[in-house]
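# Fold and geometry: a report
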Amino acid sequence: GQQVMQIPQYQHVQEGEDFTTYCNSSTTLSNIQWYKQRPGGHPVFLIQLVKSGEVKKQKRLTFQFGEAKKNSSLHITATQTTDVGTYFCAAAGTALIFGKGTTLSVSS
Amino acid sequence: SAVISQKPSRDICQRGTSLTIQCQVDSQVTMMFWYRQQPGQSLTLIATANQGSEATYESGFVIDKFPISRPNLTFSTLTVSNMSPEDSSIYLCSVEGGAEQYFGPGTRLTVT
């Protein structure tokens, strides 16, 4: 079945540093979604990428979809303590297939 | 958007027993999804539930262990049967809403 690999598994940064998580698939994706799960919470939708090479921004968050539609990334500029949580990419089909997630911790 | 509630929010159960988790959505939806999230892990799809038909289970999940009901377009239940400690997990229901999926708050199950 379809799988998405996500790295790194964990990342600790100092507040103000940048953060990036990467998502890769062995097959071409129709689209990819990104979710954030705060500790103790449930996944919350951030964005969907559909087009090859697409780049979308949400304030300090930048999302990219690769030209071949097999990889994606989420970049956070100047992290804040409110950014802590686990970020999941998910391949969208009939249902979502989630990557293993990247857990971000931020120290002030 | 969709607002999803789940009951119970958490439970501690003895091995060998069964627990039924309820999922209520504030709007009518065609498909509902059940996921499992083991501690510190990602979400794994258990099954997709359509109203009026049998649920479709993912590899590794079977109806005898995880029977699902979908009596109408706003409600579904997932039963975890004959539980063992390995079933300790968070169980989440989810629905589609346009381009995104909405998740319920989850049911945290501990099996002793």
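Note: the structure precedes this text.
These notes cover the structure that comes with them. Remember, it's a predicted structure, so these values are computed and weren't measured experimentally. (Residues numbered from 1 in each chain as written. Chains lettered and ligands numbered in written order. Predicted model: local features only at pLDDT ≥ 70, side-chain atom pairs only at ≥ 80, totals over all residues. Heavy atoms only, no water.)

### Description of the interface of chain B and chain A
Rules: Any two residues having at least one pair of non-hydrogen atoms within 4.5 Å are treated as being in contact. By convention, the term buried area covers the 1.4 Å-probe accessible surface removed from two parts as they join, with the contributions of both added. Here a polar contact is taken to be a pair of N or O atoms separated by no more than 3.5 Å, where protein atoms must pair a possible hydrogen donor with a possible acceptor and residues adjacent in sequence count only if both atoms sit in side chains. The way it works is that DSSP assigns letters per residue, a run of H or I at least four long becomes a helix, a run of E at least two long becomes a strand, and they are numbered from the N terminus. Each residue is assigned to one of three groups, with Ala, Val, Leu, Ile, Met, Phe, Trp, Tyr, Cys and Pro labelled nonpolar, Asp, Glu, Lys and Arg labelled charged, and all others, Gly among them, labelled polar.
On the side of chain A, 15 residues touch chain B, which itself brings 17 residues to the contact. Across the chain B/chain A interface, buried area totals approximately 1,300 Å², and carbon plus sulfur atoms make up 57% of it. At the surface where chain B touches chain A, the tally comes to 5 residue pairs in polar contact (both at pLDDT 80 or more). Secondary-structure elements contributing two or more residues to the side of chain B that touches chain A are β4 (31-37), β5 (43-50), β9 (89-97) and β10 (100-103) of chain B. With 4 residues, β4(B) is the single largest residue contributor to the side of chain B that touches chain A. Each residue belonging to the side of chain B that touches chain A can be placed in one class, and the counts come to 9 nonpolar, 6 polar and 2 charged.

### A few points about the side chain of T62(A)
Examined against the element boundaries, T62(A) turns out to sit in strand β7 (residues 61-65). Contacts of T62(A), omitting those with residues within four sequence positions, involve V55(A), K56(A), K57(A), S73(A), L74(A) and H75(A).

### Some words on the sheet that holds strand β3 (residues 19-25) of chain B
All names here are of chain B. Which entries qualify depends on this criterion: Pairing between strands is defined by DSSP: at least two bridges between the two strands are required. Axes here refer to lines fitted to C-alpha atoms; in helices the fit is confined to the stretch in contact. Angles between the N-to-C directions go from 0 to 180 degrees.
Strand order in the open sheet formed by 4 strands is β1-β3-β8-β7, and the pairing between neighbours is antiparallel. Only two strands of the sheet have a single neighbouring strand rather than two, namely β1 (4-7) and β7 (68-72). Averaged over neighbouring strand pairs, the angle between their axes works out to 15° when direction is ignored. The sheet contact formed by β1 and β3 spans 4 bridges and is antiparallel. Within β3, the residue paired with S5 across the bridge is Q24.

### Section: the pattern of salt bridges
All names here are of chain A. For clarity, the cut-off: In the sections that follow, a salt bridge refers to a side-chain nitrogen of Lys or Arg positioned within 4 Å of a carboxyl oxygen of Asp or Glu. Residue exposure (1.4 Å probe, protein chains only): buried if accessible area is under 20% of the type maximum, exposed if over 50%, otherwise partly exposed.
In this structure the tally under the stated criterion is 3 salt bridges over all chains. A salt bridge links K56 to E54, with the nearest nitrogen and oxygen atoms 3.6 Å apart. For K56, a relative accessible area of 30% gives the class partly exposed.

### Remarks on the state of the cysteines
What counts, and what does not: Cysteine sulfur pairs qualify as disulfides if the two atoms are within 2.5 Å.
Throughout the structure, instances matching the rule amount to 2 disulfides over all chains. The residue that forms a disulfide with C23(A) is C89(A), at a sulfur-sulfur distance of 2.0 Å. Between C23(A) and C89(A) the disulfide shows an S-S torsion of about 70°. By sign, it is right-handed. Residue C23(A) is found in strand β3 (residues 19-25), and its partner C89(A) is found in strand β9 (residues 85-92); the two are separated by 66 residues along the sequence. Across the pair, C89(A) and C23(A) agree in class, each one buried. Covalently, C23(B) is tied to C93(B) through a disulfide, its sulfur atoms 1.9 Å apart.

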